[in-house]
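# Secondary and tertiary structure notes
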Amino acid sequence: MSETFADRDGWIWQDGGLVPWRQARLHVLSHGLHYASSVFEGIRVYGGEPFLLTEHHRRLHSSAGHLGFALPFSVSELDAAAREVVAANRIDDGYLRPVAWCGSDTMSLGDEGNHVHVAIAGWPWPNVFGPRAGEVGIRLGTSAWRRPSPACAPVAAKAAAHYSVSSLAHAAAKRAGYDDALLLSHTGHLAEATGANLVLVMDGALHTPICDGFLDGITRRVAARLARRAGLTVIERHIPPTDLARAAEVFLTGTAYEIQPVTAVDGVDFPIGPVTRLIREGYTAEVRAPSESVVLR
Ligand code: PMP
């Protein structure tokens, strides 16, 4: 039988120390499982070094804050824990998954009185869409699901709750023969993919949606800095879907997706053009040798 995510060798950091992988567990009556009091991060490791580790742990803290709970470990304690996970599992190129959730002390809706738990797992994980997706691109289909209004969800948090829609949209896109879904915002503007932000290249400038109903990704900010450093203009605005017809290039940005060229949306084709290539090459260099000019602090 093949290895599952629960049944494998290695070490997971949980609530203050490393535990053997198979012993990293939570109770079935955890508040996080029933009421989605759960936030997480995805961090890539390149050559044994986690990329923008502190930024991700800062966002984990702020995501928990948006959901009304506080993490029992500081950002620097989480940074040190992540490095322990990288070393214990001998991760060279891989992925880290910090997750925090409210425990099983109470079952009341408000989670006061519940202990907050934190775990960090890590594993080798090269590419989301396969090793050649960066060169050949991926195809998106617009989803019937939309990102919520900020009045309907804590949209700035990287919270597990938002990923039920991501999962449904992703599964429907795959069934329809696409690689991933493109979601619109609650106002019908372009929003993002199921796990990455969206960038359109129009008249040589980068156009990217204002993140007012979904995650303001760290990779998107790195891409924007790389673009500005190359003399390109970056415009954040509410983008109607009809603007896709005017776009010369389309790409996605995300920790796991990296800079992912998009070659079609709903059957309309886009080339992998010079701007996408420039940002992609810049990002590939950046993750292995971070430069001061794109550091986000
Ligand atoms: N949107 C969603 C829904 C995501 O899951 C991600 C991945 N974390 C992103 C955008 C991109 O965020 P980042 O660049 O910080 O990984």
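Look up a bit, the structure's there.
About the thresholds
- Residues numbered from 1 in each chain as written.
- Predicted model: local features only at pLDDT ≥ 70, side-chain atom pairs only at ≥ 80, totals over all residues.
- Heavy atoms only, no water.
- Core = buried A, V, L, I, M, F, W, Y, C linked by side-chain atoms within 4.5 Å.
- Buried < 20%, exposed > 50% of the residue type's maximum accessible area, 1.4 Å probe, protein only.
- Helix = DSSP H or I, 4+ residues; strand = E, 2+ residues; numbered from the N terminus.
- Contact = heavy atoms within 4.5 Å.
- Salt bridge = Lys/Arg side-chain N within 4 Å of Asp/Glu carboxyl O.
- Expected span 1.5 Å × (residues − 1).
- Arc of directions from axis to C-beta.
- Pairing = 2+ DSSP bridges.
- Right-handed = clockwise from strand over helix to strand, strands pointing away.
- Near = heavy atom within 4 Å.
- Polar contact = N/O pair within 3.5 Å; in protein donor to acceptor, adjacent residues only side chain to side chain.
- Areas by Shrake-Rupley, 256 points an atom, 1.4 Å probe, with all protein chains shown as cover.

Below, the discussion takes up the nonpolar core. Judged by nonpolar contacts, the single largest core of 28 residues is most densely connected at Leu-190, Leu-200, Leu-244, Val-250 and Leu-252. Those elements that place two or more of their residues in this core are strand 6 (94-102), strand 7 (116-124), strand 8 (138-146), strand 9 (180-184), strand 10 (190-193), strand 11 (197-202), strand 14 (249-254) and strand 15 (258-265). The residues contacting Leu-244, other than those within four sequence positions of it, are Leu-182, Leu-190, Leu-200, Val-250, Val-265 and Phe-270.

Across all of its chains, the model carries 14 salt bridges by this definition. Two residues, Arg-59 and Glu-41, come together in a salt bridge whose shortest N-O distance is 2.8 Å. Here Arg-59 is found in helix 2 (residues 53-66), whereas its partner Glu-41 is found in the loop between strand 3 (38-40) and strand 4 (43-46), with 18 residues between them in sequence. Pair check on accessibility: Arg-59 and Glu-41 agree, each one buried. In this structure, Arg-220 engages Glu-236 in a salt bridge whose closest nitrogen and oxygen atoms are separated by 3.0 Å. A residue pair is termed long-range when its members are at least 10 positions apart, and Arg-220 in helix 6 (residues 218-229) and Glu-236 in strand 13 (residues 234-237) qualify at 16 residues.

Because an α-helix completes one turn every 3.6 residues, residues spaced three or four positions apart along the sequence face the same direction. With 15 residues, helix 7 (residues 274-288) should reach 21 Å at 1.5 Å per residue; the first-to-last C-alpha distance of 22 Å fits that figure. Among the residues of helix 7, Val-275, Thr-276, Ile-279, Gly-282, Tyr-283, Glu-286 and Val-287 are the ones counted as buried. One side of helix 7 holds all its buried residues, which, seen down the axis, span an arc of 135°. Those residues of helix 7 that are exposed and angled more than 90 degrees off the buried face are Pro-274 and Glu-281. Where helix 7 is buried, its residues touch strand 4, strand 11, strand 12 (205-209), helix 6, strand 14 and strand 15.

Moving on, we come to the pairing of strand 11. When you tally the buried positions in strand 11, you get 6 out of 6 residues, the bulk of the element. Alternating residues of strand 11 divide into Asn-197, Val-199 and Val-201 and Leu-198, Leu-200 and Met-202, and every residue in both groups is buried. Pairing of strand 11 with strand 14, which is carried by 5 bridges, proceeds in the antiparallel orientation. Bridge pairing in strand 14 places Leu-200 opposite Val-250. Pairing of strand 11 with strand 12, which is carried by 3 bridges, proceeds in the antiparallel orientation. Each bridged residue has a counterpart across the sheet, and for Val-201 the counterpart in strand 12 is Leu-206. Between the end of strand 11 and the start of strand 12, which pair antiparallel, lie 2 residues, with Asp-203 showing a positive phi angle near 50°.

Attention now moves to the pairing of strand 12. Counting buried residues along strand 12, 5 of its 5 residues qualify, which places the element largely inside the surrounding structure. Along strand 12, one buried face is formed by Ala-205, His-207 and Pro-209 and the opposite face, lined by Leu-206 and Thr-208, is buried too. With 4 bridges joining them, strand 12 and strand 13 adopt parallel strand pairing. Bridge pairing links Leu-206 to Val-234 in strand 13. Regarding topology, helix 6 serves as the crossover connection from strand 12 to the parallel strand 13, and that connection is right-handed.

Moving on, we come to the environment of Val-201. With respect to the helices, strands and loops of the structure, Val-201 is situated in strand 11. Residue Val-201 is classed as buried on the basis of its relative accessible area of 2%. For the pair Val-201 and Val-268, spaced 67 residues apart in sequence, the C-alpha to C-alpha distance is 15 Å.

Neighbouring residues of the ligand: 16 residues in total, closest Arg-59, Tyr-163, Glu-192, Thr-219 and Thr-255. Contact distances for the ligand include 2.4 Å between an oxygen atom and a side-chain N or O atom of Tyr-163. Residue Thr-255 places a side-chain N or O atom 2.5 Å away from an oxygen atom belonging to the ligand. For the ligand, the protein covers 94% of the area, taking 390 Å² as the surface of the free molecule.

Shape is all these values report; function is a separate question.
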